[in-house]
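As a plain string of letters, each chain reads:
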Amino acid sequence: MSAIVSQLAHYNAKVARSRATSEPTWVRWTLIISALLFLSLFLFIPLAAVFTEALRKGFETYIAALVEPDAVSAIQLTLIAAAISLPLNLVFGIAAAWAIAKFEFKGKSILITLIDLPFAVSPVIAGLIFVLIFGLQGWFGEWLIDNDFKVIFAIPGIVLATVFVTFPFIARELIPLMQAQGKEEEEAGLVLGASGWQILWHITLPNIKWGLLYGVILTNARAMGEFGAVSVVSGHIRGLTNTMPLHVEILYNEYNYAAAFAVASLLAFLALVTLGLKSYIEWQSGRTASANEKASDQ
Amino acid sequence: MSIEIRNIKKEFGRFTALGDVSLDVPSGELVALLGPSGCGKTTLLRIIAGLESPDSGSIHFHGEEATDRDVRERQVGFVFQHYALFRHMTVFENVAFGLRVRSKKTRPSEAEIHRRVHQLLSLVQLDWLADRYPPQLSGGQRQRIALARALAVEPKVLLLDEPFGALDAKVRKDLRRWLRRLHDELHITSVFVTHDQEEALEVADRIVVMNQGKIEQIGSPQDVYDNPASPFVYKFLGNVNQFHSRVNQGQAHIGDITLSLNDHHGVQDSDALAYVRPHDIDIFTEQNGHPTLHAVVSYIHAAGPLVRLELQPVNDADIIEAEITRERFRELALNQGSHVYLKPRSVQVFLETK
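The shown structure was predicted, so the numbers you read here are calculated from the model rather than taken from an experiment. Throughout, residues of each chain are indexed from 1 in the direction in which the sequence is written. Chains and ligands are labelled by the order in which they are written, letters from A for the one and numbers from 1 for the other. Whole-chain, interface and lining totals are the exception, using all residues; otherwise, since this is a predicted model, local features are given only for residues with pLDDT of at least 70 and side-chain atom pairs are given and counted only at 80 or more. Only hydrogens and water are set aside when side-chain values are computed; all heavy atoms of the structure are taken into account.

On to the overall build of chain A. When you go through chain A residue by residue, the secondary structure sums to 14 helices and zero strands. Listing each helix as α and each strand as β along chain A from the N terminus yields α-α-α-α-α-α-α-α-α-α-α-α-α-α. The globule rule puts the C-alpha radius of gyration for 298 residues at 19 Å, and the 25 Å found for chain A is more than 25% above it. Expressed along its principal axes, the backbone C-alpha trace of chain A runs to roughly 90 × 60 × 30 Å. Note on areas: these come from Shrake-Rupley sampling with a 1.4 Å probe, and a residue is covered only by the protein chains present in the view. Accessible area for chain A stands at about 17,400 Å²; split by element, carbon and sulfur atoms hold 70% of it. Think of it this way: any DSSP run of H or I at least four residues long counts as a helix, any run of E at least two long counts as a strand, and we number them from the N terminus. With the radius of gyration taken over C-alpha atoms, the globule rule is written as 2.2 Å times the number of residues to the power 0.38.

At the interface, 25 residues of chain B touch 21 residues of chain A. Every case where a carboxyl oxygen of Asp or Glu lies within 4 Å of a side-chain nitrogen of Lys or Arg is listed as a salt bridge. The interface formed by chain B and chain A holds two salt bridges in total. A salt bridge links Glu187 of chain A to Arg46 of chain B, with the shortest nitrogen-to-oxygen separation between them at 2.5 Å. If you list the elements that add at least two residues to the side of chain B that touches chain A, you get β6 (76-79), α2 (91-100) and α4 (139-152) of chain B. Note that Gly is not counted as nonpolar here; it falls among the polar residues with everything else outside the nonpolar set of Ala, Val, Leu, Ile, Met, Phe, Trp, Tyr, Cys and Pro and the charged set of Asp, Glu, Lys and Arg. Residues belonging to the side of chain B that touches chain A are distributed by class as follows: 14 nonpolar, six polar and five charged. Every residue pair with non-hydrogen atoms within 4.5 Å of one another is taken to be in contact.

So, on to the pattern of salt bridges. Residues and elements named next belong to chain B. Overall, the coordinates contain 35 salt bridges over all chains when judged by the stated rule. Between Glu93 and Arg100 there is a salt bridge, with its nearest N and O atoms 2.9 Å apart. Under the relative-accessibility criterion, Arg100 is labelled partly exposed at 26%. The partner of Glu321 in a salt bridge is Arg308, and the shortest N-O contact between them spans 3.6 Å. Within this pair, whereas Glu321 is found in strand β18 (residues 320-325), its partner Arg308 is found in strand β17 (residues 306-313), the two being separated by 13 residues in sequence. Note on classification: 1.4 Å probe, protein chains only; a residue is buried when its accessible area is under 20% of the maximum for its type, exposed when over 50%, partly exposed between these limits.

Moving on: helix α3 (residues 110-123) of chain B. All names here are of chain B. Expected span of a helix: the number of residues minus one, times 1.5 Å. In this model α3 runs 20 Å from its N-terminal to its C-terminal C-alpha over 14 residues, within 8% of the 20 Å that 1.5 Å per residue would give. For α3, the set of buried residues is Ile113, Arg116, Val117, Leu120 and Leu121. Mapping the buried residues of α3 onto a view down its axis gives an arc of 135°, with all of them on the same face. Where the residues of α3 are buried, they touch α2 and α4. Two residues or fewer past α3, Gln125 is found with a positive phi of approximately 60°. The directions considered for the arc run from the helix axis to the C-beta atoms.

So, on to the pairing of strand β9 (residues 206-211) of chain B. All names here are of chain B. The element β9 is extensively covered by neighbouring structure, given that five of its six residues are classed as buried. In short, DSSP must find at least two bridges between two strands for them to pair. In the sheet, β9 pairs with strand β10 (residues 214-219) via five bridges, with the strands oriented antiparallel. In the sheet register, Val209 faces β10, and the bridge partner there is Gln217. Counted along the chain from β9 to the antiparallel partner β10, the turn is two residues long, and its residue Gln212 has a positive phi close to 45°.

Once that is clear, we can look at the environment of Leu128 of chain A. Looking at where Leu128 of chain A falls in the secondary structure, it is placed in helix α6 (residues 123-134). In this structure, the C-alpha to C-alpha distance between Leu128 of chain A and Ser231 of chain A, residues 103 residues apart in sequence, is 9.9 Å.

Our next topic: the side chain of Thr243 of chain A. All names here are of chain A. Relative to the helices and strands, Thr243 is located in the loop between α12 (228-234) and α13 (244-253). On the basis of relative accessibility, which here comes to 5%, the residue Thr243 falls in the buried class. Contacts of Thr243, omitting those with residues within four sequence positions, involve Ala74, Leu77, Thr78, Ile158 and Val230.

Let us now look at a nonpolar patch on the surface. Together, Trp29, Ile32, Ile33, Leu36, Leu37, Phe38, Leu39, Leu41, Phe42, Leu43, Phe44 and Ile45 of chain A make up an exposed nonpolar region whose accessible area comes to about 1,300 Å². Inspection of the secondary structure puts Leu39 of chain A in helix α2 (residues 25-54). Each patch is built from residues that are more than 30% exposed by relative accessible area and take part in no salt bridge. Like charges join if they lie within 9 Å; nonpolar side chains (Val, Leu, Ile, Met, Phe, Trp, Tyr) join within 5 Å.

What follows covers the sheet that holds strand β13 (residues 257-260) of chain B. All names here are of chain B. Judged by pairing direction, the sheet is antiparallel, and its five strands sit side by side in the order β13-β12-β11-β14-β20 without closing on themselves. In this open sheet, the two edge strands, each paired with only one partner strand, are β13 and β20 (348-351). In this sheet, adjacent strand axes meet at a mean angle of 35° when their direction is disregarded. Sheet topology places strand β11 (residues 241-248) next to strand β12 (residues 251-254); three bridges connect them, and they run antiparallel. Angles shown run from 0 to 180 degrees and are taken between the N-to-C directions of axes, each axis being a line fitted to C-alpha atoms and, for helices, limited to the stretch in contact.

Below, the discussion takes up the packing of helix α3 (residues 59-67) of chain A against helix α4 (residues 69-102) of chain A. Helix-helix packing is described using two parameters, namely the angle between the two axes and the distance between the axes. Residue and element names in this part refer to chain A. Between α3 and α4, the shortest axis-to-axis distance is 5 Å and the interhelical angle comes to 60°. Overall, the two elements α3 and α4 adopt an arrangement that is oblique. For the pair α3 and α4, the contacting residues are Ala65, Leu66 and Val67 in the first and Pro69, Ala71, Val72 and Ile75 in the second. For the contact of α3 with α4, the residue count by class is seven nonpolar, no polar and no charged. What sets the label is the angle itself: under 35 degrees gives roughly parallel, over 145 gives roughly antiparallel, 65 to 115 gives roughly perpendicular, and the rest give oblique.

Glancing now at the packing of aromatic side chains. The aromatic pairing rule takes the rings of Phe, Tyr and Trp, using the six-membered ring of Trp, and pairs them if the centres are within 6.5 Å, calling planes under 30 degrees apart stacked, those over 60 edge-to-face and the rest tilted. Using the criterion set out here, one finds 16 aromatic pairs over all chains in the structure. Relative to Tyr257 of chain A, the ring of Tyr252 of chain A lies with its centre 5.1 Å away and its plane at 50°, an arrangement referred to as tilted. A ring pair is formed by Tyr234 of chain B and Phe350 of chain B, whose centres lie 6.4 Å apart and whose planes are at 80°; its orientation type is edge-to-face. Remark: Phe350 of chain B occurs in strand β20 and Tyr234 of chain B occurs in helix α8 (residues 231-236); sequence separation between them is 116 residues. On the basis of relative accessibility, which here comes to 6%, the residue Tyr234 of chain B falls in the buried class. Note on Phe350 of chain B: relative accessible area 13%, which makes it buried. Three or more aromatic residues joined by ring pairs form one cluster here, namely Phe92, Phe130, Phe134, Phe164 and Phe167 of chain A.

In C-alpha cells form, the structure reads like this:
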C-alpha cells in the first residue's frame with residue numbers, strides 16, 4: 001500500500017513539474033500550427049507540385065521523358081560524378097577528422113577553417129575558380145590543350161566542382177564525434193599490439209559508423225543535386241556534360257514543363273530517400289546510444 | 001621485469017610535467033605513484049608505456065634501453081582510468097583482441113585463444129559475462145575486464161592509471177584488495193597511479209610520492225607515513241597540524257613546550273615548521289604543572305571509530321585537529337567550549353630555508 005502511495009506521489013510530482021515548466025496550451029498550439037503552416041507552404045506544396053506537374057500529361061509521357069537519350073546521359077553523368085566524389089571525400093573526410101581529433105599540430109585551426117571554405121564560398125565562385133585555373137585562358141589552359149586533356153566543359157571539371165562543394169560534409173560530421181570519443185580506445189589497441197590499419201578497421205571505424213553513414217548520405221545528396229558550381233564548369237552540352245539539375249533547367253527553359261518536372265521528380269525522390277535514410281540512421285544511432293546508457297545505469 | 005627510469009624530463013608547452021625524474025622499480029614489485037592531480041604521475045606512467053615520449057632521459061626494461069622502443073614491442077599491459085573497453089565488441093572479443101591482432105605466425109589457434117580468454121575471465125571471476133557488451137557492465141566489472149584484456153598479451157609490466165578512480169567507495173575497497181591478491185598470485189611488475197593516499201598505503205609494496213613533476217619520497221607505506229621526507233609528504237599523507245617552532249640543538253620549542261628530536265643536533269636557534277599528526281596529541285583537562293598548549297574545544301565529530309576534535313588555541317589563530325579514542329573521550333567528558341591542555345607526543349620538524 002505504501003508503495004502505491006509513494007508511486008502516486010511520484011506521479012503527481014511529475015505532473016506538477018511538467019506543468020510548472022511548460023507554456024500554456026494556447027502558446028504551444030500556436031507555435032505548432034505556425035510551424036506546420038510554414039512547412040506546408042515551403043516544403044509540402046512544392047513537393048506535391050513537382051509530382052503532379054510531372055504526371056500531368058500521363059504516365060507514358062513521364063516515362064518517355066526519363067528514358068530519352070539526353071535524360072539518360074544526364075542521369076549517368078550525375079551518378080558518375082557522385083560515384084567519384086563520394087569515395088574521394090570519404091577518404092579525405094576520415095583522414096582530416098582523424099588528424100584533427102586525435103593529434104595536436106600547428107595549423108590545426110587553419111585546416112578546420114579550410115574545410116569549411118566550401119560552405120562559405122558561393123558555388124558559382126567555386127566554379128569560376130576552376131574555370132580560371134583550367135579554362136582556355138587559365139593558368140594550365142595551354143598545357144592542357146597541348147596534352148589534349150579537357151577539364152572545363154568536360155567530365156573532370158564536373159567531378160572537380162562536385163568534390164569541392166561536398167568535401168566538408170563527412171569531415172564536419174566526424175570531427176565532433178571523434179573528439180568526443182577521445183583516443184583512449186585507440187591507445188588501448190596500440191598497447192595491445194594492433195597496427196595502425198587494425199586500429200582503424202577494428203576500433204575507430206566501428207565507433208564512428210553511424211556518423212560516417214550520415215555524412216555519406218548528405219554528401220551524396222549534395223553531389224547529385226549540386227547546380228551552381230557544376231553549371232559554370234559544365235558548358236551545358238546536351239548528352240555530354242549535362243547533369244540532372246542542369247538538364248532540368250534546360251528543359252524548363254525550353255517550355256518542356258512535363259519533361260522538366262519528370263526529371264525533377266527523380267531528384268525530389270532522391271531527396272525523400274535521403275531524408276528517410278537520415279532519420280533511420282538517427283533513430284538507429286540514438287537507439288544504440290540510449291541502450292548503452294540504460295545498460296550503464298544498472 | 002625490472003624498470004629503470006633515468007633523468008626523465010617532459011614539458012608540455014611551458015608546463016613542466018616531469019623535471020628530471022629517476023626511479024627504479026624492482027622485478028615483481030607493486031609500486032604506487034602517488035600525488036595530487038597535475039604532479040606528473042600519469043605522464044610518467046604513459047612514458048613507461050610508450051604512449052608519450054620523454055624530452056630527455058631514458059627508460060630501461062630489465063637493463064635494456066627501451067626509450068625508443070615502439071609501444072607494441074614493449075610488452076606492457078595498460079589499464080586506462082576510464083577502462084577504454086572496445087564498446088562494440090563483446091567482453092570475449094575485448095579480451096581476445098590482443099591475441100587476434102598478432103601476425104599469422106605468432107597468433108595462437110582459435111581453440112587456444114578460446115582457452116586463454118576463458119582462463120583470464122575466470123581469473124577475474126567474470127567468465128559468465130563473456131557475451132555481454134561493455135556498456136552492459138557495472139564500473140567494477142568493466143575495470144576487471146580491462147585488467148583481463150591487459151593481461152591477455154602476457155605483459156612483462158602492468159601499468160594502471162587511476163584504476164579505481166571512477167568507482168564508488170565500497171567497490172573501490174573490494175577491488176583494491178582483489179588487485180593486491182592478484183598481484184601476489186601473478187608477481188608481475190606493476191605500477192599504478194593514484195591520488196588516493198589510503199589506496200596507495202593499503203595496496204602498494206612501495207610508494208613514490210610525487211609533486212610538481214618531482215619525486216618527493218620513495219619508500220614502503222609505513223616508511224613514508226611515519227617518516228615523511230618533506231612537509232609536502234606530511235600534508236599529503238593524512239591529516240596533520242602545522243606549528244611554527246624554533247629548533248635549538250636537537251630540541252624543538254613550540255610555545256612553552258619543549259620536545260627532543262632525533263636529529264637537528266647541530267642546529268643553533270633556527271626557525272622551523274613542526275608537524276604533528278592528529279592522533280599524536282595528548283589532551284588533558286588540567287595543566288598538571290607541565291608546559292602545554294591551552295585551547296578551547298570548538299567542534300566535536302563523534303561519528304566513526306575515533307572522535308575528532310577541532311581545538312581553538314587561546315593565543316593562536318590556526319585551529320588544531322586532534323583524534324582520540326572513544327574511551328578517552330568519555331573519560332575526559334568534553335563538551336563544546338571546554339578548556340583543554342594539549343601536548344604533542346611526537347613531532348617532526350623541517351627547518352625553514354631562507
